[in-house]
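# Understanding the architecture of this molecule
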Amino acid sequence: MANSIEYAKKFLPIIDEVYKAAAVTEGLDAATRTDFTGVNEVKVLKVSTTGMGDYSRENGYPKGDVTASWETMKLEIERGKELSVDRMDDEETLGLVFGQVVGSFMREHVVPELDAYRFAKYAGTTGATKVAKTLTKDSIIAAVDEAVRVLDENEVNTESRILCVNSDLKPVLNQALNRMWASDASVNTVLKDYNGIPIMYVPKNRFYTTITLNSGADNWGFTAGENSKAINFMLLDRKAVLQAKKFALPKVFTPDENQDKDAWKFQFRLYHDCFAYENKVKGIYVHTAV
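The structure contained in this document is the topic of the report that follows. As the structure is a computational prediction, the values presented were derived from the model and not from experiment. (Residues numbered from 1 in each chain as written. Predicted model: local features only at pLDDT ≥ 70, side-chain atom pairs only at ≥ 80, totals over all residues. Heavy atoms only, no water.)

## Things to note about unusual backbone geometry
- Unlike most non-glycine residues, asparagine 195 shows phi in positive territory, near 50°.
- Position of asparagine 195 among the secondary structure elements: in the loop between β6 (193-194) and β7 (197-202).
- Residue asparagine 195 is classed as exposed on the basis of its relative accessible area of 66%.
- Here the phi dihedral of asparagine 227 falls at roughly 65°; this positive angle occurs in a residue that is not glycine.
- Tracing the chain through its elements places asparagine 227 in the loop between β9 (222-224) and β10 (231-237). (Helix = DSSP H or I, 4+ residues; strand = E, 2+ residues; numbered from the N terminus. Buried < 20%, exposed > 50% of the residue type's maximum accessible area, 1.4 Å probe, protein only.)

## Regarding the sheet that holds β10
- Pairing within the open sheet is mixed, and its six strands lie in the order β4-β14-β10-β5-β7-β6. Only two strands of the sheet have a single neighbouring strand rather than two, namely β4 (129-132) and β6.
- In the sheet, β4 pairs with strand β14 (residues 284-288) via four bridges, with the strands oriented parallel. Within β14, the residue paired with alanine 132 across the bridge is threonine 288. (Pairing = 2+ DSSP bridges.)

## Some words on the nonpolar core
- Membership of the largest hydrophobic core comes to 26 residues, with the highest contact counts inside it found for Phe119, Cys164, Met234 and Leu236.
- Counting residues per element, the ones that place at least two in this core are α3 (96-123), β5 (161-166), β7, β10, β13 (263-276) and β14.
- Looking at this core, the element that brings in the most residues is α3, giving six residues.
- The contacts of phenylalanine 119, once residues within four sequence positions are left out, are Val24, Thr25, Leu28, Cys164, Met200, Val202, Arg206, Phe207, Tyr208, Ile231 and Met234.
- Val150, Val165, Val172 and Phe233 belong to the second largest nonpolar core, which has 23 residues in total. (Core = buried A, V, L, I, M, F, W, Y, C linked by side-chain atoms within 4.5 Å. Contact = heavy atoms within 4.5 Å.)

## Let's talk about the side chain of glutamate 71
- With respect to the helices and strands, glutamate 71 occurs in strand β2 (residues 66-74).
- When residues no more than four places from it in sequence are discounted, the contact partners of glutamate 71 are Val42, Lys43, Val44, Lys46, Ala276, Tyr277 and Glu278.

## Digging into the environment of alanine 23
- One can find alanine 23 in the loop between α1 (2-22) and β1 (41-49).
- A sequence separation of 88 residues divides alanine 23 from valine 111, and the C-alpha atoms of the two residues are 5.4 Å apart.
- For alanine 23, the contacting residues outside a window of four places in its chain are Val111 and Asp115.

## Points about the environment of tyrosine 19
- Note that tyrosine 19 resides in helix α1.
- Spatially, the C-alpha atom of tyrosine 19 lies 9.9 Å from that of proline 112, the residues being 93 residues apart in sequence.
- Excluding residues within four positions of it along the chain, tyrosine 19 makes contact with Glu26, Asp29, Val111, Leu114, Arg118, Lys245 and Phe247.

## Quick notes on helix α4 (residues 140-153)
- End to end, α4 covers 20 Å across 14 residues, agreeing with the expected 20 Å (1.5 Å per residue, within 8%).
- Taken together, the buried positions of α4 are Ile140, Ile141, Ala143, Val144, Ala147, Val148, Val150 and Leu151.
- Once α4 ends, the next one or two residues include glutamate 155, with phi positive near 55°. (Expected span 1.5 Å × (residues − 1).)

## Observations concerning the packing of aromatic side chains
- Across all of its chains, the model carries five aromatic pairs by this definition.
- An angle of 70° between the planes, with centres 4.9 Å apart, marks the rings of tyrosine 55 and tyrosine 61 as edge-to-face. Considered together, tyrosine 55 and tyrosine 61 belong to a single accessibility category, that of exposed residues.
- Taken together, the ring pairs connect Phe105, Phe266 and Phe268 into an aromatic cluster.
- Sitting above the plane of the tyrosine 201 ring, lysine 170 keeps its charged end 4.7 Å from the centroid.
- The residue whose ring lies beneath lysine 265 is phenylalanine 253, and the NZ or CZ to ring-centre distance is 5.2 Å. (Phe/Tyr/Trp six-rings, centres within 6.5 Å; stacked < 30°, edge-to-face > 60°. Lys NZ or Arg CZ within 6 Å of the ring centre and 35° of its normal.)

## Details of the pairing of strand β11 (residues 241-247)
- Counting buried residues along β11, five of its seven residues qualify, which places the element largely inside the surrounding structure.
- Across seven bridges, β11 lies against β13 in antiparallel orientation. The residue of β13 that forms the bridge with phenylalanine 247 is leucine 270.

## Quick word on the pattern of salt bridges
- Scanning all chains against the criterion turns up 13 salt bridges.
- The salt bridge involving aspartate 168 is made with lysine 204; its shortest N-O contact spans 3.7 Å. With aspartate 168 in the loop between β5 and α5 (170-176) and lysine 204 in the loop between β7 and β8 (211-213), this residue pair connects regions lying 36 residues apart in the sequence.
- Under the relative-accessibility criterion, aspartate 168 is labelled partly exposed at 45%.
- Taken together, the shared-partner salt bridges connect Arg87, Asp256 and Asp262 into one network. (Salt bridge = Lys/Arg side-chain N within 4 Å of Asp/Glu carboxyl O.)

So, to be careful, I would describe these as geometric facts and stop short of saying anything about function.
Written out as C-alpha coordinates, the structure is:
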(Lines give C-alpha, C1' and ligand atoms only; values in the text may rest on other atoms or scores of the structure.)
Protein backbone atom coordinates (compact mmCIF):
# COMPACT_ATOMS: atom_id res chain seq x y z
CA MET A 1 0.00 0.00 0.00
CA ALA A 2 2.84 2.44 0.80
CA ASN A 3 4.34 2.11 -2.67
CA SER A 4 0.97 2.83 -4.25
CA ILE A 5 0.53 6.03 -2.22
CA GLU A 6 3.97 7.28 -3.17
CA TYR A 7 3.23 6.52 -6.82
CA ALA A 8 0.01 8.56 -6.62
CA LYS A 9 1.78 11.58 -5.13
CA LYS A 10 4.21 11.70 -8.03
CA PHE A 11 1.37 12.23 -10.46
CA LEU A 12 0.12 15.43 -8.83
CA PRO A 13 2.91 17.75 -10.09
CA ILE A 14 2.66 16.16 -13.53
CA ILE A 15 -1.01 17.01 -13.70
CA ASP A 16 -0.39 20.58 -12.56
CA GLU A 17 2.35 21.03 -15.15
CA VAL A 18 0.12 19.88 -17.99
CA TYR A 19 -2.61 22.27 -16.89
CA LYS A 20 -0.26 25.25 -16.83
CA ALA A 21 1.09 24.47 -20.27
CA ALA A 22 -2.23 23.93 -22.00
CA ALA A 23 -4.97 25.91 -20.25
CA VAL A 24 -5.73 29.24 -21.88
CA THR A 25 -7.27 30.67 -18.70
CA GLU A 26 -4.09 30.04 -16.69
CA GLY A 27 -3.12 33.55 -17.81
CA LEU A 28 -6.09 34.92 -15.85
CA ASP A 29 -5.05 33.44 -12.51
CA ALA A 30 -4.42 36.22 -10.00
CA ALA A 31 -0.99 36.65 -8.46
CA THR A 32 -2.66 36.43 -5.06
CA ARG A 33 -5.17 33.60 -4.87
CA THR A 34 -7.96 33.19 -2.37
CA ASP A 35 -7.24 30.12 -0.26
CA PHE A 36 -10.01 27.50 -0.44
CA THR A 37 -7.94 24.89 1.40
CA GLY A 38 -10.16 22.90 3.73
CA VAL A 39 -13.28 24.84 2.77
CA ASN A 40 -15.65 25.23 -0.17
CA GLU A 41 -16.68 28.81 0.54
CA VAL A 42 -14.83 32.10 0.98
CA LYS A 43 -16.30 35.46 1.98
CA VAL A 44 -14.76 38.61 0.47
CA LEU A 45 -15.28 42.00 2.12
CA LYS A 46 -16.66 44.66 -0.24
CA VAL A 47 -16.16 48.26 0.89
CA SER A 48 -17.48 51.48 -0.64
CA THR A 49 -17.62 55.12 0.49
CA THR A 50 -19.35 58.32 -0.59
CA GLY A 51 -17.54 61.12 -2.42
CA MET A 52 -16.31 64.44 -1.09
CA GLY A 53 -18.37 67.54 -0.29
CA ASP A 54 -17.65 71.14 0.61
CA TYR A 55 -15.77 71.79 3.81
CA SER A 56 -17.51 74.34 6.04
CA ARG A 57 -15.50 76.61 8.32
CA GLU A 58 -18.55 76.77 10.56
CA ASN A 59 -19.67 73.12 10.59
CA GLY A 60 -16.46 71.38 9.61
CA TYR A 61 -16.34 68.25 7.52
CA PRO A 62 -19.39 67.01 5.58
CA LYS A 63 -20.57 63.63 6.85
CA GLY A 64 -20.12 60.57 4.64
CA ASP A 65 -21.11 56.92 4.76
CA VAL A 66 -19.11 53.71 4.60
CA THR A 67 -20.77 50.54 3.32
CA ALA A 68 -19.24 47.14 4.03
CA SER A 69 -20.78 43.84 3.02
CA TRP A 70 -19.65 40.28 2.47
CA GLU A 71 -19.58 38.67 -0.96
CA THR A 72 -19.79 34.88 -0.79
CA MET A 73 -17.80 32.76 -3.24
CA LYS A 74 -18.57 29.06 -3.18
CA LEU A 75 -17.11 26.26 -5.27
CA GLU A 76 -19.96 24.54 -7.14
CA ILE A 77 -18.39 22.33 -9.81
CA GLU A 78 -17.29 18.76 -9.04
CA ARG A 79 -16.12 16.57 -11.90
CA GLY A 80 -14.34 13.24 -12.06
CA LYS A 81 -13.22 10.28 -14.15
CA GLU A 82 -11.86 6.77 -13.72
CA LEU A 83 -9.36 5.36 -16.20
CA SER A 84 -7.94 1.85 -16.49
CA VAL A 85 -4.88 0.49 -18.28
CA ASP A 86 -4.44 -3.28 -18.60
CA ARG A 87 -1.37 -4.67 -16.82
CA MET A 88 -0.04 -6.23 -20.02
CA ASP A 89 -0.52 -3.05 -22.07
CA ASP A 90 1.56 -1.09 -19.58
CA GLU A 91 4.30 -3.70 -19.14
CA GLU A 92 4.72 -4.31 -22.87
CA THR A 93 5.34 -0.59 -23.46
CA LEU A 94 7.90 -0.28 -20.64
CA GLY A 95 5.37 1.39 -18.37
CA LEU A 96 4.79 4.34 -20.69
CA VAL A 97 1.09 3.86 -21.42
CA PHE A 98 -0.21 4.78 -17.99
CA GLY A 99 1.56 8.13 -17.83
CA GLN A 100 0.62 8.89 -21.44
CA VAL A 101 -3.04 8.21 -20.75
CA VAL A 102 -3.04 10.62 -17.79
CA GLY A 103 -1.37 13.39 -19.82
CA SER A 104 -3.70 12.91 -22.79
CA PHE A 105 -6.73 12.92 -20.51
CA MET A 106 -5.69 16.29 -19.06
CA ARG A 107 -4.90 17.95 -22.40
CA GLU A 108 -7.83 16.59 -24.37
CA HIS A 109 -10.62 16.71 -21.79
CA VAL A 110 -9.89 18.44 -18.46
CA VAL A 111 -8.21 21.58 -19.78
CA PRO A 112 -10.70 22.40 -22.59
CA GLU A 113 -13.65 21.92 -20.23
CA LEU A 114 -12.04 24.12 -17.57
CA ASP A 115 -11.44 26.92 -20.08
CA ALA A 116 -14.92 26.65 -21.61
CA TYR A 117 -16.63 26.77 -18.22
CA ARG A 118 -14.70 29.83 -17.10
CA PHE A 119 -15.23 31.85 -20.27
CA ALA A 120 -18.94 31.00 -20.33
CA LYS A 121 -19.36 32.08 -16.71
CA TYR A 122 -17.58 35.39 -17.32
CA ALA A 123 -19.71 35.95 -20.43
CA GLY A 124 -22.85 35.52 -18.37
CA THR A 125 -21.79 37.93 -15.62
CA THR A 126 -24.52 40.38 -14.68
CA GLY A 127 -23.29 43.93 -15.17
CA ALA A 128 -20.61 43.08 -17.73
CA THR A 129 -20.70 44.98 -21.03
CA LYS A 130 -22.09 42.77 -23.80
CA VAL A 131 -22.09 43.52 -27.53
CA ALA A 132 -23.18 41.28 -30.43
CA LYS A 133 -21.93 41.93 -33.96
CA THR A 134 -20.31 40.15 -36.90
CA LEU A 135 -16.66 41.14 -37.27
CA THR A 136 -14.58 41.54 -40.42
CA LYS A 137 -11.06 42.82 -41.05
CA ASP A 138 -12.60 46.25 -41.64
CA SER A 139 -14.49 46.34 -38.34
CA ILE A 140 -12.52 44.28 -35.81
CA ILE A 141 -10.03 47.00 -34.81
CA ALA A 142 -12.82 49.53 -34.25
CA ALA A 143 -14.63 46.94 -32.11
CA VAL A 144 -11.55 46.34 -29.95
CA ASP A 145 -10.95 50.09 -29.66
CA GLU A 146 -14.52 50.53 -28.44
CA ALA A 147 -14.00 47.85 -25.81
CA VAL A 148 -10.86 49.63 -24.62
CA ARG A 149 -12.76 52.93 -24.56
CA VAL A 150 -15.52 51.44 -22.41
CA LEU A 151 -13.03 50.06 -19.89
CA ASP A 152 -11.20 53.39 -19.87
CA GLU A 153 -14.49 55.19 -19.25
CA ASN A 154 -15.17 52.89 -16.31
CA GLU A 155 -11.65 53.57 -15.00
CA VAL A 156 -10.63 49.92 -15.14
CA ASN A 157 -7.00 49.19 -14.30
CA THR A 158 -4.92 49.42 -17.50
CA GLU A 159 -2.01 47.31 -16.26
CA SER A 160 -3.92 44.05 -15.75
CA ARG A 161 -6.01 43.86 -18.93
CA ILE A 162 -5.91 40.94 -21.34
CA LEU A 163 -7.59 40.51 -24.72
CA CYS A 164 -8.95 37.02 -25.38
CA VAL A 165 -9.65 36.47 -29.08
CA ASN A 166 -11.48 33.61 -30.81
CA SER A 167 -8.91 31.59 -32.78
CA ASP A 168 -11.16 31.83 -35.85
CA LEU A 169 -10.56 35.59 -35.83
CA LYS A 170 -6.76 35.35 -35.68
CA PRO A 171 -6.34 35.75 -39.48
CA VAL A 172 -8.99 38.50 -39.51
CA LEU A 173 -7.12 40.44 -36.84
CA ASN A 174 -3.80 39.92 -38.59
CA GLN A 175 -5.22 41.20 -41.89
CA ALA A 176 -6.73 44.27 -40.23
CA LEU A 177 -3.37 45.96 -39.62
CA ASN A 178 -0.97 47.04 -42.34
CA ARG A 179 2.66 46.04 -41.89
CA MET A 180 5.91 47.13 -43.51
CA TRP A 181 8.14 44.20 -44.45
CA ALA A 182 11.92 44.48 -44.59
CA SER A 183 14.38 41.85 -45.76
CA ASP A 184 13.72 39.58 -42.81
CA ALA A 185 14.71 35.96 -43.12
CA SER A 186 11.48 34.93 -41.41
CA VAL A 187 8.02 36.44 -41.11
CA ASN A 188 5.54 36.26 -38.23
CA THR A 189 2.20 37.97 -38.84
CA VAL A 190 0.53 36.90 -35.60
CA LEU A 191 -0.41 39.89 -33.42
CA LYS A 192 0.71 39.18 -29.85
CA ASP A 193 -0.44 42.40 -28.18
CA TYR A 194 -2.50 45.43 -29.09
CA ASN A 195 -1.43 48.81 -27.76
CA GLY A 196 0.22 47.17 -24.79
CA ILE A 197 -2.62 44.73 -24.07
CA PRO A 198 -1.49 41.07 -24.29
CA ILE A 199 -3.53 38.93 -26.70
CA MET A 200 -4.54 35.38 -25.83
CA TYR A 201 -6.05 33.27 -28.63
CA VAL A 202 -8.79 30.89 -27.48
CA PRO A 203 -9.73 27.73 -29.42
CA LYS A 204 -13.23 28.32 -30.76
CA ASN A 205 -14.71 25.20 -29.12
CA ARG A 206 -13.87 26.70 -25.69
CA PHE A 207 -15.31 30.14 -26.40
CA TYR A 208 -19.11 30.14 -25.99
CA THR A 209 -21.50 32.24 -23.92
CA THR A 210 -23.00 29.13 -22.30
CA ILE A 211 -21.98 25.49 -22.04
CA THR A 212 -23.54 22.27 -20.77
CA LEU A 213 -21.49 20.00 -18.50
CA ASN A 214 -22.53 16.48 -19.42
CA SER A 215 -23.13 14.05 -16.57
CA GLY A 216 -21.31 11.09 -18.11
CA ALA A 217 -24.42 8.92 -18.09
CA ASP A 218 -25.13 9.37 -21.81
CA ASN A 219 -22.38 11.76 -22.89
CA TRP A 220 -19.02 12.92 -21.58
CA GLY A 221 -17.34 16.28 -21.27
CA PHE A 222 -19.10 19.47 -22.30
CA THR A 223 -21.04 20.92 -25.22
CA ALA A 224 -22.10 24.42 -26.23
CA GLY A 225 -25.31 25.35 -24.42
CA GLU A 226 -28.67 25.73 -26.08
CA ASN A 227 -28.93 29.12 -27.85
CA SER A 228 -25.28 29.73 -27.04
CA LYS A 229 -23.35 32.29 -29.07
CA ALA A 230 -19.73 32.16 -30.14
CA ILE A 231 -17.59 34.75 -28.37
CA ASN A 232 -15.62 36.93 -30.78
CA PHE A 233 -13.39 38.43 -28.13
CA MET A 234 -13.38 39.26 -24.45
CA LEU A 235 -11.47 42.15 -22.88
CA LEU A 236 -10.84 41.34 -19.24
CA ASP A 237 -9.25 42.88 -16.21
CA ARG A 238 -7.43 40.00 -14.50
CA LYS A 239 -8.22 41.61 -11.14
CA ALA A 240 -11.96 41.41 -11.87
CA VAL A 241 -12.04 37.62 -11.75
CA LEU A 242 -11.02 34.85 -9.38
CA GLN A 243 -10.27 31.28 -10.43
CA ALA A 244 -10.11 28.52 -7.83
CA LYS A 245 -9.34 24.87 -8.46
CA LYS A 246 -8.70 21.89 -6.24
CA PHE A 247 -6.95 18.93 -7.78
CA ALA A 248 -7.85 16.18 -5.35
CA LEU A 249 -5.00 13.72 -4.82
CA PRO A 250 -5.38 11.23 -7.68
CA LYS A 251 -6.03 7.69 -6.55
CA VAL A 252 -3.88 5.07 -8.22
CA PHE A 253 -4.48 1.35 -7.76
CA THR A 254 -1.96 -1.23 -8.96
CA PRO A 255 -3.22 -4.31 -10.81
CA ASP A 256 -2.67 -6.31 -7.61
CA GLU A 257 -4.82 -3.88 -5.59
CA ASN A 258 -7.51 -3.47 -8.23
CA GLN A 259 -10.35 -5.83 -7.33
CA ASP A 260 -12.27 -5.25 -10.56
CA LYS A 261 -9.73 -6.38 -13.17
CA ASP A 262 -6.06 -6.96 -13.84
CA ALA A 263 -5.30 -3.33 -14.68
CA TRP A 264 -3.90 -0.10 -13.33
CA LYS A 265 -6.76 2.12 -12.19
CA PHE A 266 -6.60 5.93 -12.03
CA GLN A 267 -9.35 7.99 -10.36
CA PHE A 268 -9.30 11.75 -10.85
CA ARG A 269 -11.50 14.38 -9.23
CA LEU A 270 -11.59 18.13 -9.89
CA TYR A 271 -13.39 20.55 -7.58
CA HIS A 272 -13.36 24.09 -8.97
CA ASP A 273 -15.18 27.32 -9.85
CA CYS A 274 -14.55 30.87 -10.98
CA PHE A 275 -16.05 34.20 -10.01
CA ALA A 276 -16.34 37.82 -11.09
CA TYR A 277 -16.13 40.31 -8.23
CA GLU A 278 -19.38 42.25 -7.97
CA ASN A 279 -17.56 45.58 -7.60
CA LYS A 280 -15.41 44.92 -10.69
CA VAL A 281 -17.85 43.63 -13.33
CA LYS A 282 -17.13 46.71 -15.44
CA GLY A 283 -13.78 45.09 -16.08
CA ILE A 284 -15.45 42.46 -18.31
CA TYR A 285 -16.33 43.30 -21.93
CA VAL A 286 -17.83 40.51 -24.04
CA HIS A 287 -18.19 40.75 -27.83
CA THR A 288 -20.18 37.89 -29.39
CA ALA A 289 -21.40 36.78 -32.78
CA VAL A 290 -24.95 37.82 -33.68
